[in-house]
Amino acid sequence: MTDFAIDIQQVSKRFGNTQAVKELDLAIPKGTVFGFLGENGAGKTTTIRMMVGLLKPDQGTVKLMGMDPLGNDISVKEKFGYVSEDRGMYRWMKVKEILWFNKGLYPNWDEQIAAQLLKDFDLDPDKKIKTLSRGMVAKVAILSALACRPEVLILDEPTSGLDPMVRREILEKMVAYCADYGTTVFFSSHLIDDIERLADTVGIICKGRLVIHDEKQKVRESLKRVLFRLGEKVASIPAHPGILSSTQKNGEWECILKTPEKEAFEFLKSLNPEHIEFSEMSLEDVFAEYTRFERGR
Amino acid sequence: MYIEIKPDSPISIFEQIMDGIRVAVLSGRLKEDEKLPSWRDLAVELRVNPNTVAKAYQELERQRILYVKRGEGTFVAVWDFQARERERKRLLHDSLMQTILKGYQLKFTADDIKKELDSLLAQFSMLPEGEGA
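Given the structure is predicted, the values throughout are model-derived calculations rather than measurements. Just so you know, the residues in each chain are numbered from 1, in the order the chain's sequence is written. Here chains are named by letter from A upward and ligands by number from 1 upward, in the order in which they appear as written. Local features in a predicted model are, by the rule used here, given only for residues with pLDDT of at least 70; side-chain atom pairs are given and counted only at 80 or more, and totals for whole chains, interfaces and linings are based on all residues. The side-chain numbers reported here are obtained from all heavy atoms of the structure, hydrogens and water having been left aside.

A. Molecular detail of the overall build of chain A. Helical segments are the DSSP runs of H or I of at least four residues, strand segments are the runs of E of at least two, and each set is numbered from the N terminus. In terms of helices and strands, chain A carries nine helices and 13 strands. Its C-alpha atoms give chain A principal-axis dimensions of about 70 × 40 × 35 Å. Only heavy atoms matter for contacts: two residues are in contact if any of them lie within 4.5 Å across the pair. Nonlocal contacts in chain A, meaning residues at least 24 apart in sequence, comprise 70% of its contacts between residues at least 6 apart. Accessible surface is estimated by sampling points in the Shrake-Rupley manner with a 1.4 Å probe; for residues, cover comes only from the protein chains shown. With an accessible surface of roughly 14,500 Å², chain A has 49% of that area assigned to carbon and sulfur atoms. Within chain A, one finds 42 positive and 45 negative side-chain charges whose respective centroids are separated by 4 Å. In this tally, Lys and Arg are treated as positive and Asp and Glu as negative; His is ignored, and so are the chain termini. Where a charge sits is defined by one atom per residue type, namely NZ (Lys), CZ (Arg), CG (Asp) or CD (Glu).

See below:
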């Protein structure tokens, strides 16, 4: 048995002239929560669709609980619960019909979880999907995914576009389910707050390439921001392998250093700055710096 | 059990939970031998990764701030006086250290900082003078 719930190796996918995902390696240990960060169009959804078997990679392999999501063995479909970005559902169906429909598809369907969530989410089973609010649709989607009792939960932007109350309720249910069943969770988001709260490990994808994947705190500490002033006017900071980027605003330089930052920091000090200090970076800052850097490449 | 969680703070959520419980214990908000919520329930309440809460509980248990009774749950440990004092002082040190660093960053001298602290303390007449709470 493999220790990885999800194991992606050297996966690439191209749409026409666009390289959506390039040589992506990503292994998620069982029982952990992975947060997938990337701006719109970075390749998050394409990666997820290959994981759940909706898209075939041009190259590379994807394994979900050791199985090929595109293989002939359909039991792989029982292993994961998937909520797509558009939360695709038959809009003419009533809530109870959607649940009945899913129950037929998933042998592990848990009637108790479904009933409990229906109640906690305050969903009316007799309403049609097309009459529901955005938040209610999101709740039906998450309910359906959890009631399948998945070993892996794959969520594409589960909380984006939702009001704070719905978001809170959905996060609570995700946390409770993970705690109760030790599920592996793979969720993509551009809401950094959710990633901070839930993820054990974080991956950042830019232009189809995974630029970093590590424990959340290590990702956050992977870059350091240094602020300094130089006595004499200089047009640019000389290149150094430890410096990701440097910008100047109102005479103050801001350099982003890669950790370990010691060497690059010594290098900056050798430029005789008048004043030099580190400033804290949030996960959001780190994400923005990687994205900006990759865009400029 | 409410603990303030700031997801965008440079302090990790793991440490925020540890500090939150530690301060609650040392301030007496949580009483000795009081039962804590299960890590599962606290994770749901705070909407954070349950593994993180479980790890914080484990670490606090290792530090003998909490103890586990098999099948019953996690409780606040009974501290001897010295250990409690040591821990209270450590928390105060940590927090003053932050202030001092900020002061130096703003180019204040040790004397400036001392004077400012004294004047602030004088304003706080409600603090019990010269006795440990």
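There's more to say after this.
B. Just the pairing of strand S6 (residues 152–156) of chain A, in detail. Residues and elements named next belong to chain A. Here S6 lies mainly inside the structure; five of its five residues are buried. Neither face of S6 is exposed, since Val-152, Ile-154 and Asp-156 on one face and Leu-153 and Leu-155 on the opposite face are all buried. The pairing of strand S5 (residues 80–83) with S6 spans four bridges and is classified as parallel. Residue pairing across strands places Gly-81 opposite Leu-153, the latter belonging to S6. For two strands to be treated as a pair, DSSP must find no fewer than two bridges joining them. Of the pairings in the sheet, the one linking S6 to strand S7 (residues 184–189) comprises five bridges and is parallel in character. Residue pairing across strands places Val-152 opposite Thr-184, the latter belonging to S7. Throughout, right-handed denotes a crossover for which the path from the first strand over the helix to the second runs clockwise when the strands point away from the viewer. Each parallel crossover has a hand, and the one from S6 via helix H5 (residues 164–181) to S7 is right-handed. Note on classification: 1.4 Å probe, protein chains only; a residue is buried when its accessible area is under 20% of the maximum for its type, exposed when over 50%, partly exposed between these limits.

C. Quick peek at empty space enclosed by the protein. In this analysis a 1.4 Å probe is tested at points of a 1 Å grid over the protein atoms alone, and where it fits but cannot get out there is a cavity; an open set with protein on both sides within 12 Å along at least five of seven lines is a pocket; lining residues have an atom within 4 Å of a point. Grid points are joined across faces, edges and corners, and a volume is the space filled by probe spheres set on the points. One pass over the full model with this rule turns up one cavity of 30 Å³ or more. Val-33, Met-174, Val-175, Cys-178, Val-185 and Leu-198 of chain A together with Asn-49 and Pro-50 of chain B are the residues that line the largest cavity. No other element matches H5 of chain A, which puts three residues into the lining of the largest cavity.

D. Fine view of a nonpolar patch on the surface. Residue and element names in this part refer to chain B. Like-charged residues within 9 Å of one another, or nonpolar side chains (Val, Leu, Ile, Met, Phe, Trp, Tyr) within 5 Å, are grouped into patches, provided each residue has over 30% relative accessible area and no salt bridge. Salt bridges are defined as contacts in which a side-chain nitrogen from Lys or Arg sits within 4 Å of a carboxyl oxygen from Asp or Glu. Nonpolar side chains collect at one region of the surface, where Leu-92, Leu-96, Met-97, Ile-100, Leu-101, Tyr-104, Leu-117 and Leu-121 lie side by side and expose about 730 Å² of accessible area between them. Going through the elements one at a time, helix H4 (81–105) and helix H5 (110–123) are the ones with two or more residues in the nonpolar patch. Looking at where Leu-101 falls in the secondary structure, it is placed in helix H4.

E. Structural detail: the sheet that holds strand S4 (residues 59–64) of chain A. Residue and element names in this part refer to chain A. Read across the open sheet, the three strands follow the order S2-S1-S4; overall the sheet is antiparallel. Since the sheet does not close on itself, it has two edges, and those belong to strand S2 (18–29) and S4, each with one partner. Put simply, the sheet's adjacent strands are angled 20 degrees from each other on average, direction ignored. Sheet analysis places strand S1 (residues 4–15) next to S4, joined by five bridges and oriented antiparallel. Residue pairing across strands places Ile-6 opposite Leu-64, the latter belonging to S4. Strands S1, S2 and S4 of the sheet are contacted by helix H1 (residues 44–51), whose axis makes an angle of about 120 degrees with S1. Lines are fitted to the C-alpha atoms to define the axes, a helix being fitted only along its stretch in contact, and any angle between axes, read from their N-to-C directions, falls within 0 to 180 degrees.

Functional significance is not addressed by these values, which are geometric in nature.
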